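For reference, the chains in residue letters:
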Amino acid sequence: MKEKIDINTWIRKDHFEFFSAFEEPFFGVTVDVDCTASYKQAKEMGVSFFLLYLHKSLLAANKVEPFRYRIIDGAVWKFDEVHASATINRGNGTFGFSYMDFYEDFSKFKAHAQVEIENVENSMGLIPASSGENVIHYSALPWLNFKSLSHARNYSFNDSCPKISFGQLRDKGRRKIMSLSVHVNHALMDGFHVAQFVDAYQELLNNGTVQLIPH
């Protein structure tokens with residue numbers, strides 16, 4: 001389900017009209033997040049660390065309203081929830097696109113995501129996901145401790161989906177640290193909202209249990 005935003009009464013009307021006229025309206029930041037508690041949690045639960053931190057990022061994104069905004073045919077829409085379109089790495093060095101429904105319950109999310117991952121791993125090509133607008137584009141570069149990141153972009157395509165990338169998990173003293181890149185459309189949100197997402201995500205990563213966050 002989605003709800004149309006009335007641009008004329010929207011507090012970000014001027015910001016939307018200004019940045020939506022740009023050829024490249026996206027901006028991005030790269031920060032470090034502390035994954036120590038969640039890495040330990042994944043090991044104790046015997047689950048994929050990737051799926052655990054991916055799920056927690058979806059929980060955080062769904063909590064911060066602008067991450068659920070999308071531009072469709074020039075209008076701004078707010079979705080009830082957003083899902084994951086994640087790249088899945090294969091053993092042969094290629095990757096494919098996946099689509100993973102968001103569930104607040106981690107066990108349910110994990111069960112459905114594992115089926116999707118297996119399908120992509122046992123296939124060839126990109127398999128573009130028919131996921132629509134209400135997704136976040138995810139990618140993982142577990143081999144690189146990157147400090148910044150850029151994305152391939154088709155400027156003729158009106159894209160407004162956030163893009164979140166995860167880097168190499170590395171040791172820093174007794175902590176497990178990971179690079180996090182967040183690219184978003186400036187017509188829909190600002191640095192303030194990205195900071196809200198990062199703070200919400202770090203809080204979830206710090207927590208020893210999978211919190212269920214209402215929309």
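See the structure above.
Just so we're clear, the structure is a prediction, and the values are computed from it rather than from any experiment.

Cut-off values and rules
Residues numbered from 1 in each chain as written. Predicted model: local features only at pLDDT ≥ 70, side-chain atom pairs only at ≥ 80, totals over all residues. Heavy atoms only, no water. Axes fitted to C-alpha atoms, helices over the stretch in contact; angles between N-to-C directions. Helix = DSSP H or I, 4+ residues; strand = E, 2+ residues; numbered from the N terminus. Parallel < 35°, antiparallel > 145°, perpendicular 65-115°, else oblique. Left-handed = near helix turned anticlockwise from the far one by under 90°. Contact = heavy atoms within 4.5 Å. Nonpolar A, V, L, I, M, F, W, Y, C, P; charged D, E, K, R; others polar. Pairing = 2+ DSSP bridges. Expected span 1.5 Å × (residues − 1). Buried < 20%, exposed > 50% of the residue type's maximum accessible area, 1.4 Å probe, protein only. Arc of directions from axis to C-beta.

A. How the structure looks around the packing of helix 3 (residues 49-63) against helix 4 (residues 106-121). The geometry of helix 3 relative to helix 4 is characterised by a closest axis approach of 10 Å and an angle of 120° between their N-to-C directions. Between helix 3 and helix 4, the angle is such that the two are oblique. Regarding helix 3 and helix 4, the two cross each other, and that crossing is right-handed. From helix 3, Phe 50, Leu 51, Leu 52, Leu 54, His 55 and Leu 58 reach across to helix 4, where they touch Phe 106, Phe 109, Lys 110, Ala 113, Gln 114 and Ile 117. Classifying every residue of the contact of helix 3 with helix 4 by side-chain character gives nine nonpolar, two polar and one charged.

B. Looking closely at the sheet that holds strand 4 (residues 75-79). In spatial order, the strands read 1-4-3; together these three strands make up an open sheet with antiparallel pairing. The open sheet is flanked by strand 1 (2-4) and strand 3 (69-72), the only strands paired with a single partner. Looking at each pair of strands side by side, their axes are set apart by 35° on average, direction ignored. Pairing of strand 1 with strand 4 involves three bridges; the strand directions are antiparallel. Residue pairing across strands places Glu 3 opposite Lys 78, the latter belonging to strand 4.

C. Highlighting the environment of His 137. As for its placement among the helices and strands, His 137 is situated in strand 7 (residues 135-140). Spatially, the C-alpha atom of His 137 lies 8.1 Å from that of Thr 87, the residues being 50 residues apart in sequence. Residues contacting His 137, with those up to four places away along its chain left out, are Ser 85, Asp 159, Cys 161, Pro 162, Lys 163 and Ile 164.

D. Main features of helix 4. With 16 residues, helix 4 should reach 22 Å at 1.5 Å per residue; the first-to-last C-alpha distance of 21 Å fits that figure. Every buried residue of helix 4 is accounted for by Phe 106, Phe 109, Lys 110, Ala 113, Ile 117 and Val 120. When helix 4 is viewed along its axis, its buried side chains cluster within an angular range of 90° and face the same direction. Of the surrounding elements, those touching the buried residues of helix 4 are helix 2 (36-45), helix 3, strand 5 (83-89) and strand 6 (95-97).

E. Helix 2, seen in detail. Taken together, the buried positions of helix 2 are Thr 36, Ser 38, Gln 41 and Ala 42. If you follow the buried residues of helix 2, they end up packed against strand 2 (26-34), helix 3, strand 9 (175-185) and helix 5 (191-206). At the exit of helix 2 stands Gly 46, carrying a positive phi of roughly 70°.

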